[in-house]
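Examining the three-dimensional arrangement
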Amino acid sequence: MATHTVVSLLSALMQTQSTSDQEQEIAHFLDDHLTNLGYTVERLPIAEGSTRENVYAYLGTQRKNRVCLTSHLDTVPPYIPLRIEGSTIYGRGACDDKGPMAAQICALEELRAEGAVKEGDVGLLFVVGEEKGGPGMIAANNQDLSFEGVIFGEPTEGKLVVGHKGHLIFELIGEGKACHSGYPQHGVNANVALIETLNDLVKAEFPGSSLLGPSTFNVGKIEGGLTYNIIPETSKALCAVRVATDMAGIKKIVSDIVARHANVRLEFKFEYPETLLDHDVEGFETAPVSYGTDVPRFKGNHKKYLYGPGSILVAHGDNEKIEIDELVESIQAYKKLTMHALNSAQ
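Nothing here was measured: the structure is a model prediction, and the numbers come from that model.

1. Here's the deal with helix α7 (residues 324–343)
Compared with an ideal rise of 1.5 Å per residue, which puts 20 residues at 28 Å, α7 spans 29 Å between its outermost C-alpha atoms and is within 8% of the ideal. All buried positions along α7 are accounted for by I324, L327, S330, I331, A333, Y334, K335, L337, T338, A341 and L342.

Right, dumping it as structure tokens:
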């Protein structure tokens, strides 16, 4: 398949804005594009009456397929327009996740042209909301979809991923007593209580893994107080641990630290554990990653592969980009992974 095919497809995908919650237009685009290529296409609402739809495409009338290529439709805001400079494509979605999506489509098209796949072998599943809680992939569990192998597309720098960290998200709530700042002894400073708790969490040792590396703590958002001359009554911090191993142990460490601080309350928000992935494919460099994906959200006993062109280090940033050479090379990699998954039937 010519280089320009994947570049023109990616360009069209990127010119269709699809920030989380606003994926309707790209779902319609993919429906039209894949239908024109000869696929049977289903747009699957993620809830009754929802305008947000996953896109599932397959060959012929055989809805049940052995292998699935999947990426996510949504991007983080804000929209950054497409531009191509030399051998580099810039803009929102270039690597996360429209580059992998375009390469997956082109890979399956090449396998079709070569006669390497037939009806019932491979489906394409593109889901909404990966960047915002994963409602699309969670809904896919109730859309009568199951496979022997699933190849997830994310920017992995062209490496086959051995596993990725989990995530524990929690909020700390400082509960103090307001008073005039000239007489702090009459109040309880919620900000100070929160800072002292956060300081202990920053210094805490969390369990790590030889495969995935250390578990890391982040204070993502802090707010509290009214102004400089009032002892603050309330404060909040939204925090997270990227979990390399032992979710239960990490939750206990967090709980025990917060319990030592009388004026701070803990609320766990959501979590998913570390995920180990299949990587038994020759010819690929392997590596762990520290970000989360839709992999653990899709239930089943399928083999799980995570691969894609581009770097997570530029995803979500002002300078999101992908190299055209890397994009083109990934087509062959997706073909190889697809054939491997088909040949290693359970």
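2. Some words on the UniProt feature "domain: Peptidase M20 dimerisation" (unreviewed entry) in the protein chain
When the UniProt feature table is mapped onto this chain, "domain: Peptidase M20 dimerisation" (unreviewed entry) is found at residues 162–260. Secondary structure over residues 162–260 splits into 27% helix and 36% strand, and the C-alpha atoms at its two ends are 37 Å apart.

3. Here's the deal with the pairing of strand β8 (residues 160–164)
The buried fraction of β8 is high, at five of five residues. Relative to strand β16 (residues 286–289), β8 runs parallel, the two being bridged by four bridges. The residue of β16 that forms the bridge with H164 is V289. Strand direction decides the pairing type here: β8 and strand β15 (residues 275–276), joined by two bridges, are antiparallel.

4. What to know about the domain arrangement of the protein chain
Along its sequence, the protein chain is carved into domain 1 (5–164 + 274–344) and domain 2 (166–272). Look at where the C-alpha atoms of domain 1 and domain 2 centre, and you get two points 36 Å apart. Taken together, the 11 residues of domain 1 in the interface contact nine residues of domain 2. Between domain 1 and domain 2, the buried area comes to about 790 Å², and carbon and sulfur atoms account for 62% of it. A per-residue breakdown of the area domain 1 buries against domain 2 is headed by E274, P288 and S290, which together make up 48% of the total. Across the domain 1-domain 2 interface, the total number found is zero salt bridges. Applying the counting rule to domain 1 against domain 2 returns zero residue pairs in polar contact (both at pLDDT 80 or more). Here the side of domain 1 that touches domain 2 takes three residues from β8, the largest share from any one element.

5. A closer look at the side chain of D96
Counting through the fold element by element, D96 comes out in the loop between β5 (88–90) and α3 (98–113). Notably, D96 is buried but unbridged: the nearest opposite-charge side chain belongs to R92, and the N-O separation is 7.6 Å. Reaching out from D96, the side chain makes a polar contact with the side chain of H72 at a distance of 3.1 Å. Within the local environment of D96, its side chain forms a polar contact with the side chain of H316, the two groups lying 3.1 Å apart.

Scoring rules and cut-offs
Residues numbered from 1 in each chain as written. Predicted model: local features only at pLDDT ≥ 70, side-chain atom pairs only at ≥ 80, totals over all residues. Heavy atoms only, no water. Helix = DSSP H or I, 4+ residues; strand = E, 2+ residues; numbered from the N terminus. Expected span 1.5 Å × (residues − 1). Buried < 20%, exposed > 50% of the residue type's maximum accessible area, 1.4 Å probe, protein only. UniProt positions renumbered as here; feature names shortened; annotations may be inferred. Pairing = 2+ DSSP bridges. Domains from an automatic or database assignment. Contact = heavy atoms within 4.5 Å. Buried area = accessible area lost by both parts, 1.4 Å probe. Salt bridge = Lys/Arg side-chain N within 4 Å of Asp/Glu carboxyl O. Polar contact = N/O pair within 3.5 Å; in protein donor to acceptor, adjacent residues only side chain to side chain. Lys, Arg positive; Asp, Glu negative; His and termini not counted.

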